[in-house]
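Residues per chain are reported as follows:
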Amino acid sequence: MTFREKEELMKNTWNDQDITKALKNMAETKPQVSYDHVWFKIEEKLEARHNHFWNNIVWKPWGHPVRWVMAAACLCVAFTGVSYHQNSLDQADMASYMLSVSNPTANVTKDLGVTKVSILLSEPSSTASDVKVDDHLDSIAADEILL
Amino acid sequence: MTETEAIDKCRQGDMAGLQVLFDLHRSKVMNLSWRMLGSQQEAEDALQEIFIKVFDRIKNYRGDSAFSTWVYRMTTNHCLDILRRRKILSFMGFENVPEVQDKKDSEKAVNLGFSPVIAKTLEKLPEKQKLCLLMREMDDLSYEDIALALQLSLGTVKSNIHRAKAFLKESLEKEGLTPDDV
């Protein structure tokens, strides 16, 4: 390697001082800021905060990832609760429907012209024993009276 | 009013104390925020929020470190929070990400007073290494102050600066840039 090549290489090589110098030169560039304006805004915000207590209480769920998770969890719990409640209502409806469909006795007693068991049971026991089974045309209703 | 008196006044809720502290530290806080966030508007907003935080949390300042170091720590934490939020927002596809994200590296670098090549190389550095280097070389902070501000050990700060410089040297040489060019 010739002397000139060595000199060239030395010129191209960066050392710590060069880096420091380059960064220091760049540090001279500073933002043009109106600090009075910034201070005015700070003062305004602090005074506004003193005046309105409720302005302090601001929930920003997007402020932090943990809050995102919390918000998602709350939504999930609410949704599960609503769907569970809806499901239990549906099940209760279905159960009452099934009960009314699968209970023929209840349907029969609702038929017009048939003596209701409840009415007979509410009568005094002496009169209940006098009731003749043959008076009733409907055999299912007769079974009911015997029970 | 001295800094200590201003701190005491600020602790009592007096805004005159905060104004003195603001006048003393505003330019350093602004420069650091500006270099970290890459946008003057965002840096101005950060400056406001940081001094409001200073006013709110000054009761937690025990005087173990210099007040400037405490303010620096608050500044770095605040700016790192903003950068983290910005990353999350851009990851989630929100459109409200500051426009600086869309700017080309070279344009951003010129705004910050960096040479585009150095800016590009700095962008490749891990956040903590970049911060250590900028705080040391551009803001003239001592190793101890950087360690306190970034909550790192002294050894970590030194090794971060050393690695950052080595990486910068290597990259600049690869780019064929000489010290005279910058």
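Residues numbered from 1 in each chain as written. Chains lettered and ligands numbered in written order. Predicted model: local features only at pLDDT ≥ 70, side-chain atom pairs only at ≥ 80, totals over all residues.

Asks: Give a description of the overall build of chain B that names residues and reports values.
Replies: Tallying secondary structure elements over chain B gives nine helices and zero strands in all. For chain B, the sequential pattern of α-helices and β-strands runs α-α-α-α-α-α-α-α-α. Among the 182 residues that make up chain B, the fraction classed as buried is 35%. Taking contacts inside chain B between residues at least 6 apart in sequence as the whole, the part at least 24 apart equals 55%. (Helix = DSSP H or I, 4+ residues; strand = E, 2+ residues; numbered from the N terminus. Buried ≥ 20, exposed ≤ 12 C-beta atoms within 10 Å, placed from the backbone. Contact = placed C-beta atoms within 7 Å.)

Asks: Pulling in residues and values, what's your account of the confidence of the model for chain A?
Replies: Per-residue pLDDT for chain A has a mean of 72; in total, 52% of the residues score no lower than 70. For chain A, helix α7 (residues 125-130) of chain A is the element with the lowest average pLDDT, namely 50, and helix α4 (residues 65-102) of chain A is the one with the highest, namely 91. (pLDDT = per-residue confidence, 0-100.)

Asks: Which residues make up the nonpolar core, and what values do they have?
Replies: Here is a general trend for soluble globular proteins: nonpolar side chains tend to be buried in one another's company. The biggest cluster of nonpolar side chains holds 50 residues, and the ones touching the most others in it are Leu37(B), Ala46(B), Leu47(B), Phe51(B), Val54(B), Cys132(B) and Ile146(B). Taken domain by domain, this core gets at least three of its residues from each of domain 1 (1-102) and domain 2 (103-175) of chain B. (Core = buried A, V, L, I, M, F, W, Y, C linked by C-beta atoms within 7 Å. Domains from an automatic or database assignment.)

Asks: Go over the environment of Leu172(B) with me, naming the residues and quoting the values.
Replies: Along the polypeptide, Leu172(B) turns up in helix α9 (residues 154-174). For the pair formed by Leu172(B) and Ile118(B), sequence separation is 54 residues and the distance between their alpha carbons is 7.5 Å. With sequence-adjacent residues up to four places away left out, Leu172(B) is seen in contact with Trp14(A), Val117(B), Thr121(B) and Leu177(B).

Asks: An account of unusual backbone geometry is requested, with residue identities and associated values reported.
Replies: All names here are of chain B. One non-glycine residue, Asp140, lies in the positive phi region at around 55°. Structurally, the position occupied by Asp140 is in the loop between α7 (127-137) and α8 (143-150). Overall, Asp140 belongs to the exposed group, with 11 C-beta atoms counted inside 10 Å. You will see that Gln151, though not glycine, has its phi angle at about 55°, which is positive. Along the chain, the position of Gln151 falls in the loop between α8 and α9. You can call Gln151 exposed: it has 10 C-beta atoms within 10 Å.

Asks: An account of the packing of α8(B) against α9(B) is requested, with residue identities and associated values reported.
Replies: Residues and elements named next belong to chain B. Where α8 contacts α9, the two axes come as close as 9 Å, and the packing angle between them is 105°. Taken together, the axes of α8 and α9 lie roughly perpendicular to each other. Counted together, Tyr143, Glu144, Ile146 and Ala147 of α8 and Leu154, Val157 and Lys158 of α9 form the full contact between these two elements. In the contact of α8 with α9, the residues fall into five nonpolar, no polar and two charged. (Axes fitted to C-alpha atoms, helices over the stretch in contact; angles between N-to-C directions. Parallel < 35°, antiparallel > 145°, perpendicular 65-115°, else oblique. Nonpolar A, V, L, I, M, F, W, Y, C, P; charged D, E, K, R; others polar.)

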